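In case you want the letters, here they are:
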Amino acid sequence: MRLVLMLAEGFSTRRGRHGALIHYDAVNRMIRGRRGARLTAITSGGTIPDKRGIYKVILEPEGHMVGTLNEDFAS
């Protein structure tokens, strides 16, 4: 139930509420998608990449490769 409420309420910013993807009718206990929700679902690929980035660690100024670093630790 909390997930349904989160999707119906969206998130709050200084400019108002955004991101509500569904309309939840609490009286009749009905859920329906808001306008644009289908497009969001189709075009959003998700946040989990299929392939992880591997970065080379280079010693400067010599240019020697020290090793590699997974993108999870690069930032």
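Residues numbered from 1 in each chain as written. Predicted model: local features only at pLDDT ≥ 70, side-chain atom pairs only at ≥ 80, totals over all residues. Heavy atoms only, no water.

Engineer: Could you clarify how one ought to interpret the overall build of the protein in this entry?
Structural biologist: The secondary structure content of the protein amounts to three helices and six strands. Residue burial in the protein is summarised as follows: out of 75 residues, 7% are buried. Contacts spanning at least 24 positions in sequence make up 3% of the contacts within the protein whose residues lie at least 6 apart. Accessible surface, the protein as shown: approximately 7100 Å² in total, 55% of it carbon and sulfur. (Helix = DSSP H or I, 4+ residues; strand = E, 2+ residues; numbered from the N terminus. Buried < 20%, exposed > 50% of the residue type's maximum accessible area, 1.4 Å probe, protein only. Contact = heavy atoms within 4.5 Å. Areas by Shrake-Rupley, 256 points an atom, 1.4 Å probe, with all protein chains shown as cover.)

Engineer: Could you clarify how one ought to interpret a nonpolar patch on the surface in this entry?
Structural biologist: Residues Tyr55, Val57, Leu59, Val66 and Leu69 make up a contiguous nonpolar surface patch of about 420 Å² in total accessible area. Going through the elements one at a time, strand E5 (54-59) and strand E6 (64-70) are the ones with two or more residues in the nonpolar patch. Among the elements that take part in the nonpolar patch, E5 stands out by supplying three residues, more than any other. Structurally, the position occupied by Leu59 is in strand E5. (Patch = residues over 30% accessible without salt bridge, like charges linked within 9 Å, V, L, I, M, F, W, Y side chains within 5 Å. Salt bridge = Lys/Arg side-chain N within 4 Å of Asp/Glu carboxyl O.)

Engineer: How should I be thinking about the environment of Ile22 in this particular structure?
Structural biologist: Relative to the helices and strands, Ile22 is located in strand E3 (residues 22-25). The spatial distance from the C-alpha of Ile22 to the C-alpha of Arg32 is 5.6 Å, given a sequence separation of ten residues. For Ile22, the contacting residues outside a window of four places in its chain are Val4, Leu7, Ala8, Ile31, Arg32, Gly33 and Arg34.

Engineer: Where do I start with the pairing of E3 in this structure?
Structural biologist: Residues in a regular strand project their side chains so that they alternate between the two faces of the sheet. Here E3 shows a buried face lined by Ile22 and Tyr24 and an unburied face lined by His23 and Asp25. Taken together, the four bridges between E3 and strand E4 (residues 30-33) define a ladder with antiparallel strand orientation. Its bridge partner lying in E4, Ile22 is registered against Gly33. Between E3 and the antiparallel strand that follows it, E4, lie four residues; Arg29 among them carries a positive phi value of about 55°. (Pairing = 2+ DSSP bridges.)

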